[in-house]
Every structure is written in C-alpha cells, then in structure tokens.
Amino acid sequence: MKYTTRATVALATVLALPVSAETLNEALPDEYKDGIEVAVFNDWPPDEFVVDGELVGWSVDIAREMETRLGVPFNYVGTSFDAIIPGLIGKRFDAGFSSFGSTSERLKQLDFVAQRKIGTAFGIPVSSDLDITTESDACGHTIAVISGSWDNQLLDKLSQEKCVDAGLEPVDIQQHQNQNAAELAVQSGRAEATLASSAKMAYLAQQTGDFRVSTLVLDPVYSNIGVRKGDQLGQVMADAIQTMIDDGTYQKIMEKWNLADSGMLERAVLITEENPEE
C-alpha cells in the first residue's frame with residue numbers, strides 16, 4: 001500500500017541548501033536519477049508510522065529532507081517490517097526506513113546509514129507489579145516482540161546468556177508480526193511486557209497512559225536506513241545526513257520529536273560488513 005508523507009514545516013529550502021547539495025545529486029548512480037523506491041515501516045512510532053493515511057515520524061522527516069537535498073523524488077511505500085529486507089534484496093525497494101539494527105547477519109546482505117543511537121527497553125502495564133531493573137529480571141516472563149526484529153534477537157541472546165546459562169527459567173518469547181499486535185498481547189494479558197526501542201516505549205507510554213518504561217535500557221545501537229550491500233546510494237545518503245548535521249537541520253528534526261539527546265549523531269556513519277562500527 002502506498003502512502004503520502006505529511007508535509008512538515010520546511011526545515012531547509014532549495015535556495016538555502018549548502019553548495020554541496022548539488023554534489024549529492026551528481027553523486028547519485030544513474031539508476032536513481034529518476035527517483036528512489038523507499039520502503040517505510042508503517043507501525044513504529046515515533047520513528048515511522050501512519051496518521052490519517054499519511055506516513056509520519058522523525059525518520060520520515062529525515063527521508064523528506066533527504067529527498068529535497070538529493071533532488072530526486074522518493075516513492076514512499078508503507079509496509080510491514082518483515083517485507084523490507086526481502087524487498088531490498090529483490091530490488092523492489094532501493095532504501096528501507098525501518099530503524100534497522102545493523103546485525104552481523106544483516107550486514108552480509110545490506111549496508112546501513114545511521115540516523116541516531118537508540119537503546120532498547122521494556123514496556124510494562126502500569127497495573128503490573130513486574131519490575132525489570134536488571135536483565136535477569138526478565139527471566140521466566142512472557143515478553144512480546146516483533147518476529148525477526150533486532151529486539152527479538154536481543155531477547156534471544158538475553159534469555160540464553162542471562163537466564164538459561166545462569167540456571168534460571170528462559171524468557172518466554174512471544175513473537176508477533178507487528179508492534180501493535182505485541183502491545184495488544186500485553187494489554188489483553190497474553191504477555192507480561194513488550195520489548196522495543198526506548199524511544200518507541202516512551203512514546204507508547206506518553207500516548208496511552210497504559211504502559212510504563214523499564215528503568216533498564218539495553219545496548220544503545222545505531223538506528224539505521226538499509227540499502228543494498230555495496231550500493232553507492234548508501235554513501236550519498238550518509239553524505240546527505242552530514243549536510244543536515246552541519247547546517248542544524250538534523251538537530252531541529254530531533255527537537256521536533258523530543259529526541260534531542262545523547263543519541264543524536266555528531267557525524268554521519270555508513271555501516272558495512274567491512275566497517276561494522278563506522
């Protein structure tokens with residue numbers, strides 16, 4: 001399903017762009033001169049989500065700004081998380097805005113353009129006595145996550161290393177197709193908590209009043225845009241983010257979404273299998 005993106009207050013105009021913006025367009029591979037197919041996860045507020053049929057979120061704002069700076073149209077397609085990586089590999093999509101974690105497995109097929117750093121936290125019903133302040137506090141409890149997500153993999157590792165290897169009950173990992181389903185499982189009592197990005201959990205708590213966020217925040221990592229492995233588009237997108245950092249636009253986007261914190265980038269980062277950290 002295709003969506004439009006909600007027009008936001010212009011953070012930079014074509015006339016105000018730095019001279020290097022012209023270079024961004026020139027650096028685009030010829031195959032992208034007529035446009036870029038962009039997959040956007042449609043169920044991950046405040047990063048990427050849908051309001052009244054339109055894609056919104058801080059990651060979507062970065063995409064919109066990038067579209068202006070590259071000088072080519074982005075064709076936005078809202079879709080489920082699990083459809084994006086196969087779509088990139090199969091060349092249905094050219095870039096995926098899905099707040100990806102750059103796992104070693106994913107780096108065998110994709111490169112990643114960092115957008116910011118975000119940790120992972122538990123969303124717990126305000127009515128629950130469950131308190132997760134250490135990793136072992138999750139052992140033996142039913143936690144709902146998106147199947148195949150970074151959070152799913154992180155919880156698998158936690159369950160093995162902090163629970164099973166320590167002689168404790170493993171985490172009962174309940175997998176769902178999307179985050180709404182994971183949250184519904186918690187609200188209906190089928191799961192005791194959900195696990196997702198700390199920004200996502202804070203937004204959920206603020207919007208619903210039904211959840212609180214664990215004091216435990218796990219493994220702050222880069223939240224990324226995905227592109228095909230070795231595609232020059234990745235470097236061009238990273239360079240576009242650098243221009244946003246340099247002229248203050250990046251910080252304005254983060255401030256708009258109450259994310260102007262230590263997770264903001266100080267410089268653009270392209271993550272590859274050969275350079276997994278930077």
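Below is a summary of the structure that appears in this document.

### Some remarks on the pairing of strand β8 (residues 110–125)
In regular strands, side chains alternate between the two faces of the sheet.
Move 1: With 15 of 16 residues buried, β8 lies mostly within the body of the structure.
Move 2: Across 13 bridges, β8 lies against strand β12 (residues 211–228) in antiparallel orientation. Bridging across to β12, Pro125 finds its partner in Phe211.
Move 3: Relative to strand β13 (residues 270–271), β8 runs antiparallel, the two sharing two bridges. Bridge pairing in β13 places Phe112 opposite Ile271.
Move 4: In the sheet, β8 pairs with strand β11 (residues 193–197) via four bridges, with the strands oriented antiparallel. Note that in β11 the partner of Phe122 across the bridge is Leu195.

### A closer look at the nonpolar core
Move 1: Core analysis: the largest hydrophobic core is formed by 69 residues, its most contacted members being Ile36, Met66, Leu70, Phe74, Phe97 and Met237.
Move 2: Discounting chain neighbours no more than four positions away, the residues touching Ile36 are Leu28, Leu70, Val72, Pro73, Phe74, Asn75, Asp94 and Leu233.
Move 3: Judged by nonpolar contacts, the second largest core, of 17 residues, contains Leu130, Ile132, Ala138 and Val171.

### Considerations on the state of the cysteines
Move 1: Per the stated rule, a full pass over the model turns up one disulfide.
Move 2: Two residues share a disulfide in this structure: Cys139 and Cys163, whose sulfurs sit 1.9 Å from each other. The disulfide joining Cys139 to Cys163 has a torsion of about -90° about its S-S bond and is therefore left-handed. Of the two residues, Cys139 sits in the loop between β8 and β9 (142–146) while Cys163 sits in helix α4 (residues 150–163), which places them 24 residues apart along the sequence.
Move 3: Residue classification places Cys163 among the buried residues on the basis of a relative accessible area of 0%.

Conventions and cut-offs
Residues numbered from 1 in each chain as written. Predicted model: local features only at pLDDT ≥ 70, side-chain atom pairs only at ≥ 80, totals over all residues. Heavy atoms only, no water. Buried < 20%, exposed > 50% of the residue type's maximum accessible area, 1.4 Å probe, protein only. Helix = DSSP H or I, 4+ residues; strand = E, 2+ residues; numbered from the N terminus. Pairing = 2+ DSSP bridges. Core = buried A, V, L, I, M, F, W, Y, C linked by side-chain atoms within 4.5 Å. Contact = heavy atoms within 4.5 Å. Disulfide = S-S within 2.5 Å.

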